[in-house]
Amino acid sequence: MATAAQKQPIIFVWTGLDKKGEKRKGEMRGINESQVRAALRGKGLRPVKVKKKPKDLFGTGGGKAIDSSDIATFARQMSTMMSSGVPLIQSFDLVGQGHEKPKFQQLMMDLKADVEAGGTMASALRKHPQHFDQLFCNLVDAGEQAGILESLLTKLAIYKEKSESIKKKIKGALQYPIAVIVVAMIVSAILLVYVVPIFADMFKDFGADLPAFTQVVVDMSDFMVAYWLPVFGGIAIFVIGFVQAKKRFVGFNNFLQRLSLKLPLFGELLIKSALARFARTLATMFAAGTPLVEAMESVAGATGNIVYYDACMKIKEDVSTGIPLAESMRETNVFPNMCVQMTQIGEETGDLDKMLNKVADYYEEEVDTLVESLSSLMEPLIMAFLGVVIGGLVVAMYLPIFQMGSVI
């Protein structure tokens, strides 16, 4: 039979009165209602009502989810609090109260409760792997053991902020053309289903053959009108199937990641962003004193692509047998010569973390330049695409009218 200590804490919503008789309310994690009431009384509150927090339709408890940008903010704020001399327990309170998301506030309270109970910050973070990855927890653990938690939280904040910056830039570069293509497809479908048939009825009274281009568009419209439900259903099934396959099948996801690096324009962007994450993550962990062999697994996961993940795991095997890092990187054939040479210089001079940070800075600047170039290049390409697709449909409908006018 499970004891109370073995049960999973759940969220309770409470209402109570403080020492002045003023009404207070909030949320608290606990094993059961009695434990929550006891905890409230220990804080000088008289509990009036305590009940389990109802879940929403998806069982998430409602509210905006915690994302990676929130974790970057957490690292920065905790670093600032500790450098200002604020005690760790109080820092959790200040960071949580200053955030707008209820789930983030609850996360801070959970971390605070674990640390108050005698646990370390690293052990508290490891109870929330969905928010704090292995790299984050390992660096915090190293900082606590070495007495340099403030310094490592600063390094983590810089690392997280730069990683988030790269992610946002890549998403921005990809989302714009995808959004335009989707809108163009929707507009084209509306034209084919609702507008083109009106023109087609007009053309039947002309008593002459339609231009080939117009006839093709009319045939497409007839097909869409007759089979619009199977077409849109097939597109929906394809999109859902694609997303689910990407989530569920590792082989398919790996195939897409390998293919993405070979895409024109975007492939180079993804390669340089992976190199920047590789260098920044390895530099951060090496500066924290993490052994190179242990660091490589976290670095592999941070690169975000199976090609570089496999390369990092190969490097881990090589380094464990005594092969220098730079030599192993060169043998993988996925790291540019500049990256390898800078790493080699860092190994020879004993400033590997500084050299890797310079490599990361270089590739982050390259990502910025590529995103700007892609943005300026995509605008005329997208305008041309819209002109061909939407403009082509309009021209096809007016061609017979122009021909009839020239005959008259």
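Please refer to the structure higher up on the page.
Each chain has its residues counted from 1, running along the sequence as written. In keeping with the model being predicted, local features are shown solely for residues with a pLDDT of at least 70 and side-chain atom pairs are shown and tallied solely at 80 or more, while totals for entire chains, interfaces and linings include all residues. Heavy atoms from the whole structure form the basis of all side-chain values; hydrogens and water molecules are not counted.

Peer 1: Provide a residue-level description of the overall build of the protein chain, including the pertinent values.
Peer 2: Starting at the N terminus, helices and strands are each numbered in turn, a helix being any DSSP run of H or I of at least four residues and a strand any DSSP run of E of at least two. A tally of helices and strands in the protein chain yields 15 helices and 3 strands. Computed over C-alpha atoms, the radius of gyration of the protein chain comes to 29 Å, more than 25% over the 22 Å expected from 2.2 N^0.38 for 408 residues, which places it beyond the range of a compact globule. Structurally, the protein chain occupies a C-alpha span of about 95 × 65 × 45 Å along its principal axes. In this scheme, a residue with accessible area under 20% of its type's maximum is buried, one over 50% is exposed, and one in between is partly exposed, where area comes from a 1.4 Å probe on protein chains only. Put simply, the protein chain has 408 residues, and 37% of those count as buried. Whether two residues touch is decided by their heavy atoms; if any such pair falls within 4.5 Å, the residues are in contact. Pairs at least 24 residues apart make up 57% of the contacts formed inside the protein chain by residues separated by at least 6 positions. Radius of gyration: C-alpha atoms only; globule rule: 2.2 Å multiplied by the number of residues to the exponent 0.38.

Peer 1: Which residues make up unusual backbone geometry, and what values go with them?
Peer 2: Positive phi values are uncommon outside glycine, yet Asn 333 reaches one of about 65°. Within the secondary structure, Asn 333 sits in the loop between α13 (325-332) and α14 (337-349). Judged by its relative accessible area of 69%, Asn 333 is exposed.

Peer 1: Now, about helix α9 (residues 250-260): what can you tell me, with residues and values included?
Peer 2: Within α9, the full set of buried residues consists of Asn 253, Asn 254, Leu 256, Gln 257 and Ser 260. For α9, the angular spread of buried residues about the axis comes to 160°, placing them on one side. Buried residues along α9 sit in contact with α8 (212-248), α10 (266-287) and α12 (306-320). Each direction from the helix axis to a C-beta atom contributes to the arc, which is the arc of those directions.

Peer 1: Any chance you could break down the environment of Ile 11 for me, citing the residues and the numbers?
Peer 2: Within the secondary structure, Ile 11 is located in strand β1 (residues 10-17). Given the relative accessible area of 23%, Ile 11 is considered partly exposed. Between the alpha carbons of Ile 11 and Gly 233 there is a distance of 40 Å; along the sequence they are 222 residues apart. Those residues within four positions of Ile 11 in sequence are excluded, and the remaining contacts are Glu 27, Met 28, Arg 29, Lys 52, Lys 53 and Gln 106.

Peer 1: If you had to explain the side chain of Thr 284 to someone new, which residues and values would you point to?
Peer 2: Along the chain, Thr 284 falls in helix α10. Identification of polar contacts relies on pairs of N or O atoms within 3.5 Å, with a donor-acceptor requirement for protein atoms, meaning one able to donate a hydrogen and the other able to accept it, and with residues adjacent in sequence counted only if both atoms are side-chain atoms. Within the local environment of Thr 284, its side chain forms a polar contact with the backbone oxygen of Arg 280, the two atoms lying 2.8 Å apart. Excluding residues within four positions of it along the chain, Thr 284 makes contact with Leu 139, Lys 155 and Tyr 159.

Peer 1: Before we move on, can you summarise the state of the cysteines with the specific residues and values?
Peer 2: Pairs of cysteine sulfur atoms within 2.5 Å are what we label disulfides. In this structure the tally under the stated criterion is 0 disulfides. Cys 339 supplies the cysteine sulfur nearest to Cys 312, a cysteine that is in no disulfide, at a spacing of 10 Å. Look at Cys 312 and you get buried, because its relative accessible area is 0%.

Peer 1: Residue-level account of the sheet that holds strand β2 (residues 23-30), with values.
Peer 2: Whether two strands pair depends on DSSP finding at least two bridges between them. Overall, antiparallel pairing links the 3 strands, which are arranged β2-β1-β3 in an open sheet. Of all strands in the sheet, those with a lone pairing partner are β2 and β3 (46-52), marking the two edges. On average, each strand axis in the sheet is inclined to that of its neighbour by 25°, with strand direction left out of account. Both β1 and β2 contribute to a ladder of 8 bridges, which runs antiparallel. Paired with Thr 15 across the strands is Lys 25, a residue of β2. Running over the sheet, helix α1 (residues 33-42) touches β1, β2 and β3 and is turned about 150° from β3. For helices, the fitted line uses only the C-alpha atoms of the stretch in contact; every axis is such a line through C-alpha atoms, and the angle between N-to-C directions lies from 0 to 180 degrees.

Peer 1: Give a detailed account of the packing of aromatic side chains, specifying residues and quantitative values.
Peer 2: The rule is short: rings of Phe, Tyr and Trp, with Trp giving its six-membered ring, pair when the centres are within 6.5 Å, and they are stacked under 30 degrees, edge-to-face over 60, tilted in between. Applying the stated rule across the entire model yields 10 aromatic pairs. Arranged with centres 5.1 Å apart and planes meeting at 40°, the rings of Phe 223 and Tyr 227 form a pair that is tilted. Placement of both Phe 223 and Tyr 227 in helix α8 is noted, with a separation of 4 residues, approximately one turn of the helix. Since its relative accessible area comes to 47%, Phe 223 is described here as partly exposed. Using a relative accessible area of 45% as the deciding quantity, one classes Tyr 227 as partly exposed. Of the aromatic side chains, those joined through ring pairs into one cluster are Phe 74, Phe 132 and Phe 136.

Peer 1: Before we move on, could you go through α13 and cite the residues and values that matter?
Peer 2: Along α13, the positions that sit buried rather than exposed are Leu 325, Ala 326, Ser 328, Met 329 and Thr 332. Taken around the axis of α13, the buried residues stretch over an arc of 160°, which confines them to a single face. Just past α13, the residue Asn 333 takes up positive phi, approximately 65°.

Peer 1: Just give me the short version of the packing of helix α6 (residues 134-146) against helix α7 (residues 149-204), but keep the residues and values in it.
Peer 2: One way to put it is that α6 packs onto α7 with a least axis distance of 8 Å and a crossing angle of 160°. In terms of orientation, α6 lies roughly antiparallel with respect to α7. The hand of the α6/α7 crossing is right-handed. Of α7, the residues touching α6 (which contributes Leu 135, Phe 136, Leu 139, Val 140, Ala 142, Gly 143 and Glu 144) are Leu 149, Leu 152, Leu 153, Leu 156, Tyr 159 and Lys 160. For classification, angles of less than 35 degrees are called roughly parallel, those exceeding 145 degrees roughly antiparallel, those between 65 and 115 degrees roughly perpendicular, and all remaining angles oblique. Here a crossing is called left-handed whenever its near helix is offset anticlockwise from the far helix by less than a right angle, and right-handed whenever the offset is clockwise.

Everything listed here is a matter of coordinates, which is why it stays silent on function.
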